[in-house]
Amino acid sequence: MAQDPTIRSRQELDEGPLPRQVAPAESAPRGPGSLLDPRSEVPPRPRPPTSPARLPSAATAELTPHAAFLARRTFTALDGLRAIGILAVVWHHTLGGPGRLGASLFFLLSGFLVTTILVRERARKGSIDVLRFRTRRARRLYPLYFTVLAGYTGLVALVEQAGPARADFFAHLPAFATFTSNLFVDLEGERTIFYFAWSLAAQEQFYLLWPWLLKRLSARACSTGLVALLAAAYLTRMHGLELVLPPGSRAEALMMSVMPALALGALLGLALNARRGFDTLYGVLGSRWTSAALLAVALLLWRTQGVPEPCMHVVLCALTAACVLREDHLLAHLLRLPVVVHIGTVSYGIYLTHMLCHNAAERALARLGLDLGVLDFALTTLLAIGAATLSHRYFENRFLPPEKRRQRV
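Residues numbered from 1 in each chain as written. Predicted model: local features only at pLDDT ≥ 70, side-chain atom pairs only at ≥ 80, totals over all residues. Heavy atoms only, no water.

Participant: Got a sec to walk through the overall build of the protein? Specific residues and values, please.
Facilitator: Across its full length, the protein holds 17 helices and zero strands. Counting across all 409 residues of the protein, residues that qualify as buried make up 45%. Counting only contacts in the protein whose residues sit at least 6 apart along the sequence, the fraction spanning at least 24 positions is 75%. Counting every atom, the protein has about 21,400 Å² of accessible surface; 63% of that belongs to carbon and sulfur. (Helix = DSSP H or I, 4+ residues; strand = E, 2+ residues; numbered from the N terminus. Buried < 20%, exposed > 50% of the residue type's maximum accessible area, 1.4 Å probe, protein only. Contact = heavy atoms within 4.5 Å. Areas by Shrake-Rupley, 256 points an atom, 1.4 Å probe, with all protein chains shown as cover.)

Participant: So what's going on with the nonpolar core? Residues and values would help.
Facilitator: Phe112, Tyr145, Phe194, Trp210 and Ile350 are the most contacted members of the largest nonpolar core, which totals 97 residues. Of all the elements, helix 3 (residues 101–125) adds the most residues to this core, at 13 residues. With sequence-adjacent residues up to four places away left out, Ile350 is seen in contact with Ile86, Val90, Ile343, Ala384, Ile385 and Ala388. Core analysis: the second largest hydrophobic core is formed by five residues, Ala232, Ala233, Leu245 and Met255 among them. (Core = buried A, V, L, I, M, F, W, Y, C linked by side-chain atoms within 4.5 Å.)

Participant: Mind laying out the side chain of Thr389, listing which residues take part and the relevant values?
Facilitator: With respect to the helices and strands, Thr389 occurs in helix 17 (residues 373–394). Thr389 gets classed as buried once you look at its relative accessible area, which sits at 16%. Excluding residues that lie within four positions of it along the chain, Thr389 makes contacts with His342 and Val346.

Participant: Report on the packing of aromatic side chains, specifying residues and quantitative values.
Facilitator: Given two aromatic rings, one states the distance between the centres and the angle between the planes to describe the pair. Applying the stated criterion across every chain, the model contains 25 aromatic pairs. The interplanar angle of 40° and the centroid separation of 5.5 Å between the aromatic rings of Phe75 and Phe112 together place this pair among those described as tilted. One end of the pair, Phe75, is in the loop between helix 1 (65–71) and helix 2 (78–95); the other, Phe112, is in helix 3, with 37 residues separating them in the sequence. Taking relative accessible area as the criterion, Phe75 reaches 3% and is therefore assigned buried. (Phe/Tyr/Trp six-rings, centres within 6.5 Å; stacked < 30°, edge-to-face > 60°.)

Participant: I'd like a rundown of the environment of Met355, residues and numbers included.
Facilitator: Tracing the backbone shows Met355 in helix 16 (residues 347–367). Along the chain, Met355 and Ala384 lie 29 residues apart, while their C-alpha atoms are 8.6 Å from each other. Every residue in contact with Met355, bar those within four places of it in the chain, is listed here: His93, Tyr152 and Phe196.

Participant: So what about the environment of Arg120? Which residues, and what values?
Facilitator: The residue Arg120 is located in helix 3 in this model. On the accessibility criterion, Arg120 (8% relative accessible area) is buried. For the pair Arg120 and Leu70, spaced 50 residues apart in sequence, the C-alpha to C-alpha distance is 8.4 Å.

Participant: Break down the confidence of the model for the protein for me, citing the residues and quoting the values.
Facilitator: For the protein, per-residue confidence averages 85 on the pLDDT scale, and residues scoring 70 or more make up 84% of the total. Ignoring residues within four places in sequence, the model shows residues 2–12, a span with pLDDT below 50, making 49 contacts including any to other chains. Taken together, the stretch residues 14–61 has pLDDT below 50 and engages in 25 contacts with residues farther than four places along the chain or on a different chain. (pLDDT = per-residue confidence, 0-100.)

Participant: Lay out the packing of helix 2 against helix 16 in plain terms, naming residues and giving numbers.
Facilitator: Where helix 2 meets helix 16, the axes come as close as 10 Å, and the angle between the chain directions of the two elements is 15°. By the criterion of interaxial angle, the relationship of helix 2 to helix 16 is roughly parallel. Along this stretch, helix 2 crosses helix 16, giving a crossing that reads as right-handed. Within the contact between the two elements, helix 2 uses Arg82, Ile86, Val89, Val90, His93 and Thr94 and helix 16 uses Ser347, Ile350, Tyr351, His354, Met355 and His358. Considered class by class, the residues forming the contact of helix 2 with helix 16 number six nonpolar, five polar and one charged. (Axes fitted to C-alpha atoms, helices over the stretch in contact; angles between N-to-C directions. Parallel < 35°, antiparallel > 145°, perpendicular 65-115°, else oblique. Left-handed = near helix turned anticlockwise from the far one by under 90°. Nonpolar A, V, L, I, M, F, W, Y, C, P; charged D, E, K, R; others polar.)

Participant: How would you explain the packing of helix 4 (residues 130–158) against helix 7 (residues 197–216) if you had to name every residue and give the values?
Facilitator: Where helix 4 contacts helix 7, the two axes come as close as 10 Å, and the packing angle between them is 170°. What the angle tells us is that helix 4 and helix 7 run roughly antiparallel. Residue-level inspection shows Val130, Phe133, Arg134, Arg137, Leu141, Tyr142 and Tyr145 of helix 4 in contact with helix 7, the latter providing Ala197, Leu200, Gln203, Glu204, Tyr207, Leu208, Pro211, Trp212 and Lys215. In the contact of helix 4 with helix 7, the residues fall into eleven nonpolar, one polar and four charged.

Participant: If you had to explain unusual backbone geometry to someone new, which residues and values would you point to?
Facilitator: Phi at Phe179 takes a positive value of approximately 55°, unusual for a residue other than glycine. Examined against the element boundaries, Phe179 turns out to sit in the loop between helix 5 (164–177) and helix 6 (181–184). Given the relative accessible area of 9%, Phe179 is considered buried. Even without being a glycine, Phe194 presents a positive backbone phi close to 70°. Inspection of the secondary structure assignment puts Phe194 in the loop between helix 6 and helix 7.

Participant: Give me the lowdown on a nonpolar patch on the surface, citing residues and values where you can.
Facilitator: A cluster of nonpolar side chains, Leu155, Leu158, Val159 and Leu356, forms an exposed patch at the surface whose accessible area comes to about 390 Å². By secondary structure assignment, the location of Val159 is in the loop between helix 4 and helix 5. (Patch = residues over 30% accessible without salt bridge, like charges linked within 9 Å, V, L, I, M, F, W, Y side chains within 5 Å. Salt bridge = Lys/Arg side-chain N within 4 Å of Asp/Glu carboxyl O.)

Participant: Explain the pattern of salt bridges residue by residue, including any values.
Facilitator: A complete count under the given rule lists ten salt bridges for this structure. Among the ionic pairs, Asp279 bridges to Arg275, the shortest N-O distance being 2.8 Å. On the criterion of helical spacing, the pair formed by Asp279 and Arg275 is a turn pair, its members being four residues apart in helix 11 (residues 275–285). Residue classification places Asp279 among the partly exposed residues on the basis of a relative accessible area of 38%. Residue Arg275 is classed as partly exposed on the basis of its relative accessible area, which comes to 46%. Salt bridges here are not isolated pairs; linked through shared partners, they connect Arg72, Glu327 and Arg336.

Participant: Give me helix 5: which residues, what numbers.
Facilitator: Here helix 5 is 14 residues long and its end C-alpha atoms lie 20 Å apart, about the 20 Å a rise of 1.5 Å per residue gives. Residue Ala171 marks the point of greatest curvature in helix 5, where the axis turns by about 40°; the proline Pro174 follows within four residues. Taken residue by residue, helix 5 has Ala165, Phe169, His172, Ala175 and Phe176 as its buried positions. Turning to helix 5, the residues buried within the fold contact helix 4, helix 6 and helix 7. At the C-terminal side of helix 5, Phe179 shows a positive phi close to 55°. (Expected span 1.5 Å × (residues − 1). Bend = angle between axes of the 7 residues up to and from the residue.)

Shown next, in the form of structure tokens:
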């Protein structure tokens, strides 16, 4: 699922250097022969009697949890959470069953991290460079997206037999190319090639407006707007606004394209940036064990039929918060395992290529007479990780600024 936004492993939250914290000077030696030794031939210069007691410097004072959060340039758990999200997506597309855990988690992480980056930029520089944000996002997402789309176009033209699926794919190409497939492509049909582009379209539409609002409005106004947007989105999904948004209308389609988890992640970013919001959430979710408990609840809800969508979103939002409120939470070791971090790092490539890998794995297993879903999931995952690793190392990195490129993945 689309990640983004756009965020690579251990994403840097501040593009400028953090304020330099100077370590306290070491105590001067006081042994024999030192200048501070009472027996020294040169006595130390006496301190003026009226001099006040020296206060501890801010650099040596212990940071509050909120100050430590604001000073943190990386959230080491986020790649691990992305790994969980992409594995859930592949599981759903190979083994079926309840879905949307992976998509919702990706939306939440994207909304939280992008919002955190932007509000910190505004605090640091007094404004937000929206054009620069859009350029960074395009360099990170567009090369692989349009390459994969071109690959699908060639494969469909060469391999796909004449029929509705082939005709619909070429009819939908303008929507895929303009990130509007969530508005103009029927995702409920029997077979829609490249349908997973809907999540990227939803994110691109959100980030066309969100940075401008963060730049021009106060955090309070942005938070109020997000709460209103969430209420409208959930009510639309529960058919509670049919008088205002008639079923089948363009207005209803537009509201249905709003992803509540994305807005919820952005709201979390604003809340944690504020001292009061951070302290409130830390009091509720700041225990070390909270992250592990919430992950267990999320996995249980994921595999339970009929769970209301808002319940899953709230749990995943709380899980994300528990993983960024403090770095020493109970899941930290698991989410920082090298293999987990790697999967999270290349999760964008996995998302874009996993359906091609799934089709290849399914055909290979069918020829071997091994029609087992678990094997399909395992083989699809391995193929997608391999393809995404090669893409990240040898293709995607070429489009990033030199300081952002990772030589090893």
